[in-house]
Amino acid sequence: MPSNESREAIVSRVKEQADIVQIIGECVELKQSGVRFLGLCPFHGEKTPSFSIHAGQQFYHCFGCGESGDVFSFMMKYHNLDFPEALKELAGRYKIELPERRRSKEERALEEKRDLLFRVNKKCAQIYSHYLETAKGAETCRVYLHERGVAPEIVKKFVLGYAPSVEAEGWSYLSGQLNREETAIAVEGGLLAPKKNGGTYDRFRDRVVFPLFDISGRVCGFGGRIVGDGQPKYLNSPESIVFNKSRLLLGLYHLKDSIRKKKRAILVEGNFDLVSLVAHGCDNVAAPLGTALTREQLRLLKRFTTEVTLLFDGDEAGEKAAVRAVPHFLAEQVVGHIALLPSGHDPDTYIRENGLEQLNKLLKEAESLPEFVLGSLIRQHGLTLDGKSKIVEALIPLVKAAVSPLQRSMVISHFAERLNLPVDHFQSLSGPSSAPGPEGALHEKMSKTVRSEPLSIAQKQLVEFMVLHPRYFSRLEENGLRGSLEGGVGEVLFLQLREMVESDTEFEPEELLTTLPEGQERKLVADLLLRASLQNQTKDEVGAEEEIEDMVVYLRKFRLQKDSDEVMAHIRLAESEGDLVKLQELITEKVEISRKMQGEVL
């Protein structure tokens, strides 16, 4: 291949030679319709085909969910590859040579070692799988799996195997299947352990073996569950250059498409919990590898869903595990819920005794994670003065985990309301208050940060309406009122009005003055009320009924325009950085927003 060929030229050549119909046809059943091909969209569940491929333009589009792109987009989205990986895969299929970055001797050696370890792991997974399927020495394990309800199709799906016992095959069954080079790398990967006097012995013995796959389908390591007597019950591969258990989730590689289609992941704690749920029809599951849930694992799940439900044992350990996970959910901005099982049950025993329907009912009733944590703290400490103090201290990690000032403010406001404490009592969690004393501390702080930003004409109309007609406040809030007032004095008034509305929806607008400290906000409300009184506007509910519709339309359009502007800013950034993957995603998002905006106009 010419050395002076640009990256853009290489990408274009791969795209020209790649047959998008063939590539997608390997994953989706397609039928030709004119110049197009139609099939069921692989990115969302549907019964009527709405996924269209235009072979001439090398482009696909789903009229159901809006997903669209070229052959690279499909490879990245469906197979969870980044752009270089998708380019390499397609170039390999069509025998197009790619130039390689010049690497150091050390980098090449490390890459070769990684490749060898992946190959040996794959070979060992096949060895264990074949032994489980055929060997006489695996009969006990086959009976064990049958008794636990693990059908042959589940064994095959997850490539389960059996590491034979010492009594059946001795201490070195696995090493006897490997050559010298493979044996050396298997020691480094933790499959074999060195003897003091030379040689090796098998680390996994008399265990059901779970190959652990990364998101690309490569075997990184293994987990083993003891079949007979012995400790530990579960044993994982040690950390290696290809295996980091805090960044992997059991089952995610096999079940990621179901998680994406159902838009939710169920997290369980045990290997057999996972396979048992899948065997009974719950196939959007994943499991950490014997450790507490990590932020890296949540970040991995975010590629497929932003909603995760923890399905944990209803004991003290399960409750503590959920509490530890909450800061990660806040930090990654993932919606978290928890469903605790009845006493004496784990997910495996529960679904075997009660079935999928009862499990789904339990999952449907799952509690919000932050609410669960607060409830747990209240049960632990009570709502005495001392108890509330301890609860506030315990909530500090949650507040600090919030990634933005707005999210942090919302967390603080919510917890303060639930504990019936003034918001300013929480200010130390997000920074020092700008004014002494409890009365008006939060409002004074916010007021000082927004005095230089006067209200626009539209903002003035919104503020006037929400103050004079508080009965419509909730509807305005649902349609994004706060976002349209963000960063100005109107946001301060919004927060104060929301607090009053939640306490009493029938309050009079004049009561707002009594809650505001001296300053810009109080003067604005006083002037507004005086002007309305002179014009006899405060009781004009007939006009308000008509005006609210215009307000709602404006707020919807404002929110869509704001989203559009933000996406455009990200598009310009992606263009400047040459991030084609992100650019394609952003363009699709921009098209969807424009469609919604057009709908509002019509």
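Keep in mind it's a predicted model, so treat the numbers as computed, not measured. (Residues numbered from 1 in each chain as written. Predicted model: local features only at pLDDT ≥ 70, side-chain atom pairs only at ≥ 80, totals over all residues. Heavy atoms only, no water.)

Undergrad: Give a detailed account of the overall build of the chain, specifying residues and quantitative values.
TA: Of the regular secondary structure elements, the chain holds 27 helices and 16 strands. Once local pairs closer than 6 in sequence are excluded, the contacts in the chain between residues at least 24 apart make up 61%. For the chain, the computed accessible surface area is about 31,300 Å², with 50% contributed by carbon and sulfur atoms. (Helix = DSSP H or I, 4+ residues; strand = E, 2+ residues; numbered from the N terminus. Contact = heavy atoms within 4.5 Å. Areas by Shrake-Rupley, 256 points an atom, 1.4 Å probe, with all protein chains shown as cover.)

Undergrad: Which residues make up the packing of aromatic side chains, and what values go with them?
TA: Tallied over the entire structure, the rule returns 18 aromatic pairs. Judged by centre distance (6.4 Å) and plane angle (40°), the ring pair of F43 and Y60 falls under tilted. With a gap of 17 residues between them, F43 in the loop between β2 (36-39) and β3 (51-54) and Y60 in strand β4 (residues 59-62) connect regions that are remote in the sequence. With respect to burial, F43 and Y60 carry one shared label: buried. Among the aromatic side chains, those forming a connected cluster through ring pairs are F43, F51, Y60, F74 and Y78. The side chain of R148 reaches across the aromatic face of F272, ending 4.1 Å from its centre. In this structure, R225 is placed above the aromatic ring of Y234, and the distance from its NZ or CZ to the ring centre is 5.9 Å. (Phe/Tyr/Trp six-rings, centres within 6.5 Å; stacked < 30°, edge-to-face > 60°. Buried < 20%, exposed > 50% of the residue type's maximum accessible area, 1.4 Å probe, protein only. Lys NZ or Arg CZ within 6 Å of the ring centre and 35° of its normal.)

Undergrad: Tell me about the pattern of salt bridges, and name the residues and values.
TA: A complete count under the given rule lists 20 salt bridges for this structure. Notably, a salt bridge pairs E182 with K123, separated by 3.0 Å at the nearest N-O pair. Of this pair, E182 sits in helix α9 (residues 180-188) while K123 sits in helix α5 (residues 105-134); the two residues are 59 residues apart in sequence, bridging distant segments of the chain. Assessed through its relative accessible area of 14%, E182 is described here as buried. (Salt bridge = Lys/Arg side-chain N within 4 Å of Asp/Glu carboxyl O.)

Undergrad: If you had to explain the side chain of Q297 to someone new, which residues and values would you point to?
TA: Position of Q297 relative to the elements: it lies in helix α12 (residues 295-301). The class of Q297 is buried, set by a relative accessible area of 0%. In this structure the side chain of Q297 is engaged in a polar contact, spanning 3.0 Å, whose partner is the backbone oxygen of L248. (Polar contact = N/O pair within 3.5 Å; in protein donor to acceptor, adjacent residues only side chain to side chain.)

Undergrad: Which residues make up the packing of helix α20 (residues 457-468) against helix α23 (residues 489-503), and what are the values?
TA: Interaxial distance between α20 and α23 falls to 11 Å at its minimum, and their mutual angle equals 20°. Between α20 and α23, the crossing angle belongs to the class labelled roughly parallel. Considering the relative orientation of α20 and α23, their crossing is left-handed. For the pair α20 and α23, the contacting residues are V463, M466 and V467 in the first and G490, L493, F494 and L497 in the second. Grouping the constituent residues of the contact of α20 with α23 by class yields six nonpolar, one polar and no charged. (Axes fitted to C-alpha atoms, helices over the stretch in contact; angles between N-to-C directions. Parallel < 35°, antiparallel > 145°, perpendicular 65-115°, else oblique. Left-handed = near helix turned anticlockwise from the far one by under 90°. Nonpolar A, V, L, I, M, F, W, Y, C, P; charged D, E, K, R; others polar.)

Undergrad: Describe the sheet that holds strand β14 (residues 307-312), naming the residues involved and giving the relevant values.
TA: Pairing between the strands of a sheet comes from backbone hydrogen bonds, and it takes one of two forms, parallel or antiparallel. Strand order across the open sheet formed by five strands is β13-β12-β14-β15-β16, with mixed pairing between neighbours. The two strands at the open ends of the sheet, each matched to only one other strand, are β13 (285-286) and β16 (367-368). Here six bridges tie β14 to strand β15 (residues 335-340), and the two strands are oriented parallel to one another. Bridge pairing in β15 links V308 to G336. Lying on the sheet, helix α14 (residues 347-364) is in contact with β12 (265-267), β14 and β15; it crosses β14 at an angle near 145°. (Pairing = 2+ DSSP bridges.)

Undergrad: Please give an account of the sheet that holds strand β11 (residues 234-236) that cites residues and values.
TA: In spatial order, the strands read β6-β9-β10-β11; together these four strands make up an open sheet with antiparallel pairing. Whereas interior strands pair on both sides, the edge strands pair on one side only; in this sheet they are β6 (161-163) and β11. Taking the axes of each pair of neighbouring strands and ignoring which way they run, one obtains an average angle of 35° across the sheet. For strand β9 (residues 207-213) and strand β10 (residues 219-226), the ladder comprises seven bridges, and the chain directions are antiparallel. Counted as the bridge partner of P211 is F222 from β10.

Undergrad: So what's going on with the confidence of the model for the chain? Which residues, and what values?
TA: Mean pLDDT over the chain: 82, with 88% of residues reaching 70 or higher. No element of the chain has a lower mean pLDDT than helix α19 (residues 441-450), which averages 35, and none a higher one than β6, which averages 97. This model gives residues 429-452 a pLDDT under 50, and the stretch forms 35 contacts once residues within four places in sequence are excluded. (pLDDT = per-residue confidence, 0-100.)

Undergrad: Explain the side chain of T183 residue by residue, including any values.
TA: Here T183 lies in helix α9. Look at T183 and you get buried, because its relative accessible area is 17%. Leaving out residues up to four positions away in the same chain, T183 has contacts with S175, L178, L192 and T200.

Undergrad: I'd like a rundown of the pairing of β4, residues and numbers included.
TA: Each regular strand shows side chains that alternate between the opposite faces of the sheet. Of the two faces of β4, only one is covered, namely that formed by Y60 and C62; the face formed by F59 and H61 stays uncovered. Linkage of β3 to β4, two consecutive antiparallel strands, is achieved through a turn of four residues, within which Q58 is found at a positive phi near 55°. Pairing analysis gives two bridges linking β4 to strand β5 (residues 68-69), with the strands arranged antiparallel. When the bridges of β5 are listed, H61 appears paired with S68. In sequence, β4 turns back onto β5 through a hairpin of five residues, with G66 there showing a positive phi of about 90°.

Undergrad: Tell me what's going on with the packing of helix α13 (residues 316-332) against helix α16 (residues 385-401), and back it up with residues and numbers.
TA: A packed helix pair is summarised by two numbers, namely the angle formed by the two axes and the spacing between the axes. Interhelical geometry of α13 versus α16 gives an angle of 20° and a closest axis separation of 8 Å. By the angle between their axes, α13 is roughly parallel relative to α16. Judged by the twist between their axes, the crossing of α13 over α16 is right-handed. From α13, V326, P327, L330 and A331 reach across to α16, where they touch P397, L398 and A401. Taken together, the residues of the contact of α13 with α16 sort by class into seven nonpolar, no polar and no charged.

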